[in-house]
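Here's the letter readout for the chains.
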Amino acid sequence: MSRSYGDQCGVARSLDVIGERWALLIVRELLLGPKRFNDLMAGLAGASPNVISQRLRELTGHGVIRQRDLGPPARVRVYELTDWGRELEPVVLHLGRWGTRAPLPEGSWWSLDSLLLAWQATADPGRVTGRYEIRVGADTITVDGTSGAVRLRRGTADEPEATATTDAGTLHAVAFGQRPVSAAVASGDLRLDGDPEAASRLTDLLLTLAAAPPPPAGGAGSVPAAARGPAARAASP
């Protein structure tokens, strides 16, 4: 049994459900769509399989996530958020923005989902209009800016206006301004296809974090710019 604060406050009761270590990061990893256990582990560097298995059991017991068996030809079991669990999305995105003033852990790495959610949290819906696909290795992500907000999810897009195809290393380097888009395209590590204007809007999304200004200096919890680095300054969920 998980521990309880024994407090009737809604904050304490929420922490009874999602306050154990790794629990909220599991929610983060499922916000864009269902995942198999091994795919969850890939996005949670440093977590042991036993601990993640325990957290999955607890979150399932609390009704935050559920298991689902995919039919043929896949025949695999995936974890996904329930409707109640999905209500945590704005909480996770806000925590991502709030946490940008905390120090960046030494040797840390962004999971693909944390990068994608950071884009969702910071993208300009006035610029990223239309529907796009981002293909990173075996992952396909739909970017949908047709409803006045930028939404990302796993899966293919219906008639995308532009697509970006790359690998995880190139995506991170471009996203944090460590490699120019032009150089990545010239080397073949990044391919942009589709309508040129739509491809330009998709490029704007890829560069959202690199262009993000650092948080105001002097605020509570602020960290010197030299200590933050480009990744820490971005809005990471």
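Remember, it's a predicted structure, so these values are computed and weren't measured experimentally.

## Structural notes on the packing of aromatic side chains
- The final tally for this structure, using the stated rule, is one aromatic pair.
- With centroids separated by 4.7 Å and ring planes inclined at 65 degrees, the aromatic side chains of Trp110 and Phe176 adopt a geometry described as edge-to-face. Here Trp110, found in the loop between α6 (89–98) and α7 (112–122), pairs with Phe176, found in the loop between α8 (168–175) and α9 (181–187); they are 66 residues apart in sequence, far enough to count as distant. Here Trp110 matches Phe176 in class, with each residue buried.

## Some words on the sheet that holds strand β4 (residues 139–144)
- Taking strand neighbours across the sheet as the criterion, the five strands line up as β5-β4-β3-β6-β7 in an open arrangement whose pairing is mixed. Because the sheet does not close on itself, it has two edges, and the strands there are β5 (151–154) and β7 (190–194). The average angle at which neighbouring strand axes cross in this sheet is 20 degrees, direction not considered.
- Pairing of strand β3 (residues 131–136) with strand β6 (residues 162–166) involves five bridges; the strand directions are parallel. Each bridged residue has a counterpart across the sheet, and for Val136 the counterpart in β6 is Thr166.

## Here's the deal with the pairing of β3
- Pairing analysis gives six bridges linking β3 to β4, with the strands arranged antiparallel. If you follow Arg135 over to β4, its bridge partner there is Thr140.

## Some words on the pattern of salt bridges
- If you walk through the whole model with that rule in mind, you get 19 salt bridges.
- Residues Arg135 and Glu133 are paired through a salt bridge, measuring 2.8 Å at the closest nitrogen-oxygen approach.
- The class for Glu133 is buried, based on a relative accessible area of 4%.
- One salt bridge in this structure joins Arg191 and Asp193, with 2.8 Å as the shortest N-O distance.
- Here Arg191 falls in the partly exposed class, since its relative accessible area comes to 44%.
- Using a relative accessible area of 30% as the deciding quantity, one classes Asp193 as partly exposed.
- Overlapping salt bridges bring together Arg28, Glu29, Lys35, Asp113, Asp139 and Arg154 as one network.

## Topic: helix α2 (residues 23–30)
- Within α2, six of the eight residues are buried, which leaves the element mostly enclosed by the surrounding structure.
- For α2, the complete set of buried residues consists of Ala23, Ile26, Val27, Arg28, Glu29 and Leu30.

## Brief notes about the environment of Ile52
- Mapping Ile52 onto the fold places it in helix α4 (residues 49–62).
- In this structure the C-alpha to C-alpha distance between Ile52 and Ala23, which are 29 residues apart in sequence, comes to 8.2 Å.
- Sequence-distant contacts of Ile52, that is, excluding residues within four places in its chain, are made with Trp22, Ile26, Phe37, Met41, Leu44 and Ala47.

## Notes on the nonpolar core
- Within the largest apolar cluster, 54 residues are counted, with the highest numbers of intra-cluster contacts made by Trp119 and Ile134.
- Per element, the largest residue contribution to this core is six residues, and it comes from α7.
- With residues near it in sequence (within four places) discarded, Trp119 still touches Ile134, Leu152, Leu171, Ala175, Leu205, Leu206, Thr208 and Leu209.

## Things to note about the confidence of the model for the protein chain
- Here the protein chain shows a mean pLDDT of 87. Residues at 70 or above account for 88%.
- The least confident element of the protein chain, judged by mean pLDDT, is helix α12 (residues 225–233) at 37; the most confident is helix α5 (residues 83–86) at 98.
- Every residue in residues 215–235 is under pLDDT 50, and counting partners more than four places away or in other chains gives 38 contacts.

What counts, and where the lines are drawn
Residues numbered from 1 in each chain as written. Predicted model: local features only at pLDDT ≥ 70, side-chain atom pairs only at ≥ 80, totals over all residues. Heavy atoms only, no water. Phe/Tyr/Trp six-rings, centres within 6.5 Å; stacked < 30°, edge-to-face > 60°. Helix = DSSP H or I, 4+ residues; strand = E, 2+ residues; numbered from the N terminus. Buried < 20%, exposed > 50% of the residue type's maximum accessible area, 1.4 Å probe, protein only. Pairing = 2+ DSSP bridges. Axes fitted to C-alpha atoms, helices over the stretch in contact; angles between N-to-C directions. Salt bridge = Lys/Arg side-chain N within 4 Å of Asp/Glu carboxyl O. Contact = heavy atoms within 4.5 Å. Core = buried A, V, L, I, M, F, W, Y, C linked by side-chain atoms within 4.5 Å. pLDDT = per-residue confidence, 0-100.

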